[in-house]
Amino acid sequence: MDGLWNWDDLIHGTAVFSAAAPLLVAGLLTALLPLRWWWLAAILALAGPFLWFFGFPSIPLRSSEDAATAGLVAAAALTSLGATFRMRRPLRLSLSVALWTVLIWILYPAWLAAEGGLTRKVMVAGGLAAATTVWAWVIERLAYHVPVGEGRTHAGMTPAALIPPAIALAVLLQLGGAMRFAQSIGAMAAACAAVLVIWLWRKPPGEGLEWLAALWAMLFAQLAWCGWLFAEIRYGLAALLCAAPLAGVLTRWLPLPRGTPLLRCFWEGLASLLVSSIAAGIALAAYQQSASGYEGY
C-alpha cells in the first residue's frame, strides 16, 4: 500500500495534479454549470494543483513559488472582473497592466537585479505586464462569438487551439528546469481539454468561452515569463508558441470541411498542434544534443 502514497514527484505531480485532477474537476463543473460560468470551473480546477505544487504564497511575496500562485490569483481576479462585472475594456486593461507590474516588481529575481539597475527593472516589469495584458486581450477577442443573424453566429476560437501550445510550453519549461511551472500549465491544458469535451457534448452557443480563453492567455504568458525570470526556458521558442492558436484561427479561411463543431475543433487543433510541435521538437532536439556530451560523475 505504501506505493500508493510514495510516488515520486514527477508521477504524482504530473499524472495526478497536472492531468487527472484538473481534468475531472473541470469536466464535472462544466457539466453542471451554465456556459457563462465555465471560466470559474477552470479556476477551481486549477486551485488544487497550484496549491499542491507551490503551497499558499508567503506574505510578503518573495519567491518563484509565490509568483505562480499569485499569478493564478491575479488572472482569476481579472477574469472575474471582466466576466462578472463587465468592466469597461480600457479600465480593465489598465488594471491588468498595473496588477502584473506590481507583482513582478515585488518578485523581481536577484540575478536580474544584479545585472541591471532601476531602468532594467522597469523594462522587465512593464514588458511582462504589457505582454500579458495584450496577449490576453488578443486571445479573448479571437474566442469571442458574435451573433450575425437568425440562428447564425460568427464562430470564435475554440479551446482546441489552446491545448497544444500549453502542452508544448510545459515541455519547454520542464527542459528549462522549471518542473512545477511545467506541471501548472499542463493543468491548464487538462482543464481546457475537459471544457472542450463538455462543449462538444452539450453543443451550447459559443458565448462565454472568451473568458476561459483570457484566463488561459494570462497564465500562459505569465508562466512563460516566469520560465525566463526563474529558470532557463528558451524564450524564442516560447514566443513561437504564440503563433499556434493564431494558426488554429486561420483555418476558418481554408476550404476545409467544417460542417460540425467536431470538425471545426479538429482543424483548429491540428493547425495549432503543427506549430506547437515545431517549437517542442526544436527544444527537445537541442536538449538531447546538449545532454549527449554529458558523461555524468
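Residues numbered from 1 in each chain as written. Predicted model: local features only at pLDDT ≥ 70, side-chain atom pairs only at ≥ 80, totals over all residues. Heavy atoms only, no water.

A look at the overall build of the protein
Using the following cut-off: Runs of E in the DSSP output that reach at least two residues are strands. Runs of H or I that reach at least four are helices, and both are numbered from the N terminus. Exposed residues in this analysis have more than 50% of their type's maximum accessible area, buried residues have under 20%, and partly exposed residues fall in between, with area computed by a 1.4 Å probe over protein chains only. We call two residues in contact whenever any of their non-hydrogen atoms come within 4.5 Å of each other. Surface exposure here means Shrake-Rupley accessible area, sampled with a 1.4 Å probe, where a residue is shielded only by the protein chains that are shown.
Secondary structure summary: the protein contains 13 helices and 2 strands in total. Taken over 297 residues, the protein has a buried fraction of 46%. Pairs at least 24 residues apart make up 76% of the contacts formed inside the protein by residues separated by at least 6 positions. Carbon and sulfur atoms make up 69% of the accessible area of the protein, which totals about 14600 Å².

Here we look at empty space enclosed by the protein
Empty pockets left among the atoms are what a rolling probe the size of a water molecule brings to light. The line we're drawing: We place a 1 Å grid over just the protein atoms. Points where a 1.4 Å probe fits but has no way out form a cavity, open points with protein on both sides within 12 Å along at least 5 of 7 lines form a pocket, and any residue with an atom within 4 Å of a point lines it. Grid points are joined across faces, edges and corners, and a volume is the space filled by probe spheres set on the points. Classification convention: Asp, Glu, Lys, Arg as charged; Ala, Val, Leu, Ile, Met, Phe, Trp, Tyr, Cys, Pro as nonpolar; all other residues, Gly among them, as polar.
Scanning the model with the defined rule gives 3 cavities of 30 Å³ or more in all. What the largest cavity holds in volume is close to 110 Å³. Forming the walls of the largest cavity are Leu78, Thr79, Arg92, Leu93, Ser96, Thr133, Ala136, Trp137, Glu140, Ala214 and Met218. For the lining of the largest cavity, the elements supplying multiple residues, two or more each, are α4 (64-84), α5 (89-106), α7 (118-142) and α10 (209-230). The element contributing the most residues to the lining of the largest cavity is α7, with 4 residues. Considering only enclosed or pocket space, the second largest cavity measures out at about 80 Å³ in volume. Residue lining of the second largest cavity: Ala67, Ala70, Gly71, Trp100, Leu103, Ile104, Leu107, Leu128, Gln222, Cys226 and Leu229, and that is the complete set. For the lining of the second largest cavity, the secondary-structure elements that each account for two or more residues are α4, α5 and α10. Looking at the lining of the second largest cavity residue by residue, the classes come out as 9 nonpolar, 2 polar and no charged.

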